[in-house]
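# Topology and contacts: notes
For reference, the chains in residue letters:
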Amino acid sequence: MEKSFPLHECHVNKVTIIINRTHAILHSIAILLLIHYRLSFFFQHPQNITIPTLPWLLIFVSELILSFAWFLQQACRWRPVYRTVFPERLPADDKLPAIDVFICTADPNKEPSVEVMNTVISAMALDYPPEKLHVYISDDAGSNATLRCTKEAWNFAKYWVPFRRKYGLVTACPDVYFSSSENDNGDYKGSEFKAERKKMEEKYEVLKQRLRKIVEGHFPTNVAINNTRDHPSVIEVHWYGFDGVGGPIISGSNFCIKREALLGSFNKQQDYMALKRLFGPSNDFIKTLVEDYKPCFIKDGESSRMSLENANILASCSYENQTVWGSKVGFLYFSVAEDYFTGLNLHRKGWKSVYLNPERLQFLGTSTTNFNDSLIQWTRWTSGPVTVALSRFCPLIYGPLKMSLVQLLCYSELAFMPLLNCLSLWGFAVIPQLCLFNGIPLYPKVSDPNFNIFSIILVSSISKSLYEVVTTGEQFKVWRNEWRIWMMRSVTSYTYGCLDVILNKLGMKEATFLPTNKVTDDEQVKLYEMGVFDFRTATMFLAPLVTVILINIAAFVGAVVKALVVDDDGDQYWEKMFGQMFLSFFILISNFAVIEGMIIRRDKAKIPLSSTLWSVVFSMFILLIGSVILC
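Calculation notes
Residues numbered from 1 in each chain as written. Predicted model: local features only at pLDDT ≥ 70, side-chain atom pairs only at ≥ 80, totals over all residues. Heavy atoms only, no water. Helix = DSSP H or I, 4+ residues; strand = E, 2+ residues; numbered from the N terminus. Buried < 20%, exposed > 50% of the residue type's maximum accessible area, 1.4 Å probe, protein only. Contact = heavy atoms within 4.5 Å. Areas by Shrake-Rupley, 256 points an atom, 1.4 Å probe, with all protein chains shown as cover. UniProt positions renumbered as here; feature names shortened; annotations may be inferred. Patch = residues over 30% accessible without salt bridge, like charges linked within 9 Å, V, L, I, M, F, W, Y side chains within 5 Å. Salt bridge = Lys/Arg side-chain N within 4 Å of Asp/Glu carboxyl O. Phe/Tyr/Trp six-rings, centres within 6.5 Å; stacked < 30°, edge-to-face > 60°. Lys NZ or Arg CZ within 6 Å of the ring centre and 35° of its normal. Core = buried A, V, L, I, M, F, W, Y, C linked by side-chain atoms within 4.5 Å. Expected span 1.5 Å × (residues − 1).

Per an unreviewed UniProt entry, the protein chain goes by the name Cellulose synthase-like protein G2 isoform X2 and belongs to Gossypium hirsutum.

### A word on the overall build of the protein chain
In terms of helices and strands, the protein chain carries 22 helices and 4 strands. When burial is assessed residue by residue, the protein chain has 43% of its 631 residues classed as buried. Once local pairs closer than 6 in sequence are excluded, the contacts in the protein chain between residues at least 24 apart make up 77%. As displayed, the protein chain has an accessible area near 34,800 Å², and 60% of this comes from carbon and sulfur atoms.

### Observations regarding the UniProt feature "transmembrane region" (unreviewed entry) in the protein chain
The UniProt record marks residues 24–43, 49–72, 540–561, 581–600 and 612–630 with the feature "transmembrane region" (unreviewed entry), using the residue numbering of this structure. Structurally, residues 540–561 comprises 100% helix and 0% strand, and the distance from its first C-alpha atom to its last is 32 Å. Note that residues 581–600 is 95% helix and 0% strand, and that its end C-alpha atoms are spaced 23 Å apart.

### Overview of a nonpolar patch on the surface
On the surface, Val446, Val557, Val561, Leu564, Val565, Trp574, Phe578, Phe582, Phe585 and Ile589 cluster together into a nonpolar patch covering about 900 Å² of accessible area. For the nonpolar patch, the elements supplying multiple residues, two or more each, are α19 (539–566) and α20 (570–590). Looking at the nonpolar patch element by element, the count peaks at 5 residues for α20. Structurally, the position occupied by Val446 is in the loop between α14 (405–437) and α15 (451–471). In this structure Val446 comes out as partly exposed when scored by relative accessible area, which is 41%.

### Section: the packing of aromatic side chains
Applying the stated rule across the entire model yields 37 aromatic pairs. Their ring planes at 55° and their centres at 5.7 Å tell us that Trp160 and Tyr177 sit as a pair that is tilted. Here the residue Trp160 occupies a position in helix α4 (residues 144–166), and Tyr177 occupies one in helix α5 (residues 174–179), the gap between them amounting to 17 residues. On the basis of relative accessibility, which here comes to 0%, the residue Trp160 falls in the buried class. Exposure remark for Tyr177: the relative accessible area of 4% places this residue in the buried category. For the pair Phe285 and Trp325, a centre-to-centre distance of 5.9 Å together with 55° between the ring planes defines the contact as tilted. In this pair, Phe285 sits in helix α9 (residues 283–290) while Trp325 sits in the loop between α10 (301–315) and α11 (338–348), placing the two residues 40 residues apart along the sequence. By relative accessible area, which is 21% here, Trp325 ends up partly exposed. Ring pairs connect the aromatic residues Phe156, Trp160, Phe163, Tyr167, Tyr177, Phe178, Phe193 and Tyr204, which therefore count as one cluster. One cation-aromatic arrangement involves Arg89 over Phe86; the distance from NZ or CZ to the ring centre is 4.0 Å. A cation over a ring is seen here: Lys203 above Tyr159, with NZ or CZ 4.3 Å from the ring centre.

### Details of the nonpolar core
Residues Phe371, Leu442, Tyr443, Phe535, Val594 and Ile607 are the most contacted members of the largest nonpolar core, which totals 46 residues. The leading source of residues in this core is α19, at 8 residues. Among residues more than four places away in sequence, those in contact with Val594 are Met488, Phe535, Leu545, Val546, Ile549 and Ile607. One finds Val114, Val161, Tyr167 and Val215 within the second-largest nonpolar core, a separate group that totals 33 residues.

### Overview of helix α2 (residues 53–73)
In a regular helix each residue adds 1.5 Å, so 21 residues correspond to 30 Å; α2 covers 30 Å between its end C-alpha atoms and thus fits that length. Of all the positions in α2, only Pro55, Trp56, Ile59, Phe60, Ser62, Glu63, Ile65, Ser67, Ala69, Trp70 and Leu72 are classed as buried. On the buried face of α2, the contacting elements are α1 (14–41), α14, α15 and α22 (609–630).

### Examining the environment of Ala153
Within the secondary structure, Ala153 is located in helix α4. In this structure Ala153 comes out as buried when scored by relative accessible area, which is 0%. For the pair Ala153 and Met117, spaced 36 residues apart in sequence, the C-alpha to C-alpha distance is 6.0 Å. Aside from chain neighbours lying at most four places away, what touches Ala153 is Met117, Ile121 and Leu207.

Dropping the structure here:
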């Protein structure tokens, strides 16, 4: 028997494992000491309690929630691995499986057709046997513009694919190839290649002009289309740490999945009627399940007509009615994060997955470049996993005995992360500040040994996150941005996403899917490349963010004034309130961009005065009402 060699090998990163687990143990000890310190407050003699119980309890709960979130995050750090691939070990073309590439789009007015069609062309140009490669584009909007653009892309691909294969080009995407400064001339550098390359570049420029004219002609008033339907969200997580604990989740884009995994287990000997009840009325689709199916190419008008009729049946919105699609077969519709929920069920059934991150990316996509669309996108992404977390499919309930403990914690971290972060961050951003505003200490004095517990936890968290950013080749500013964006999302997108789920559970609101705008705008792109926030977003997003900043400004400035001017015993005040003053200062420094947008900036992308004024009202209300309730 011919010996088969693996196509990839897994290597455990021992150094990172030692660092991660050592940090987890030490940080856990510090958290246990913090819990002991907080709990000891409740066992004091009532005469010795000089601090109100309610704020102490609320900040303790916030610390517990954030600690639990940190605990869940350690699962993906428990066994980091990396993989080596061996493409030279791939079998011959006739033994390779057939693959289907699905490209989803929802709104050609928000998702630039040029970029979408580049993805289509790249998929058609994959280095794979053409008779085993099938590329599909799914347009939830049913837009005629997308259909016409697809036809244009197909016509261009008839020239691009042979050109790429003839000259052995590595880059499959024409836009990247013609705009990149990298030298990707394949094996040819002669005059013939240069002439053909110039012709191909001219054809591509013509293609881009045609695509833009199609979209502009279809939307002359730049108004979004109205016939879109609810569409599952896309969650981009390529937490590669999951690979070492049972495999990464399905992550919305650029993943491959076996048909057997997606269709589930079924008896191929069942009669056609039984299979149709499972998979729908398409005879051609049923044939692909029960036979050694080989695609037949369209040869005449009759076969073309039959293929179109079958395609219309499969593509209809009612095809899945009275079947198990969405509940037991295919992607599961329980949550708008259908990829996360489907991955959870597949891993629960015993399927394995691996994470591969090649040096040269196979597919490129566009993302949001402004504050508004980013927050809308993260609000949508939040609601999907939280829906699963607050249901009978909660990983902590649904996963035990079917998944490993570490993998279970990974899925739980993704499900609960928005809820845990928004609850804890609101607590840390408001409770200590209200108490600071009213002179109530919630942290030990600087001279108290217990103060070291909080210092160690803060330094431990910051240094570990900074270490992870730096060791992956990124710069300090990346860590700074990730830290402040985490805080911004927690009080905006995560909050609204969680509220959306709660209202949906109460029957007061339906889950919605709104595609975010990915059309490039020169002014927005310029700000994005400069690292400057574009605050032209809805007041509903700006108000909570600015309100938090104003509360922290009021608390910090008030404490400084009291320590320097009012309080006769300033040294004692500094020592007693330093922890809360530092927390407010840290929040303000981390989110200085918000302060800059309110006070310093004068460009169009600053925070509108109306949003600031609304936030002033909200912050004053919180300071007054909160002081009465807590103090």
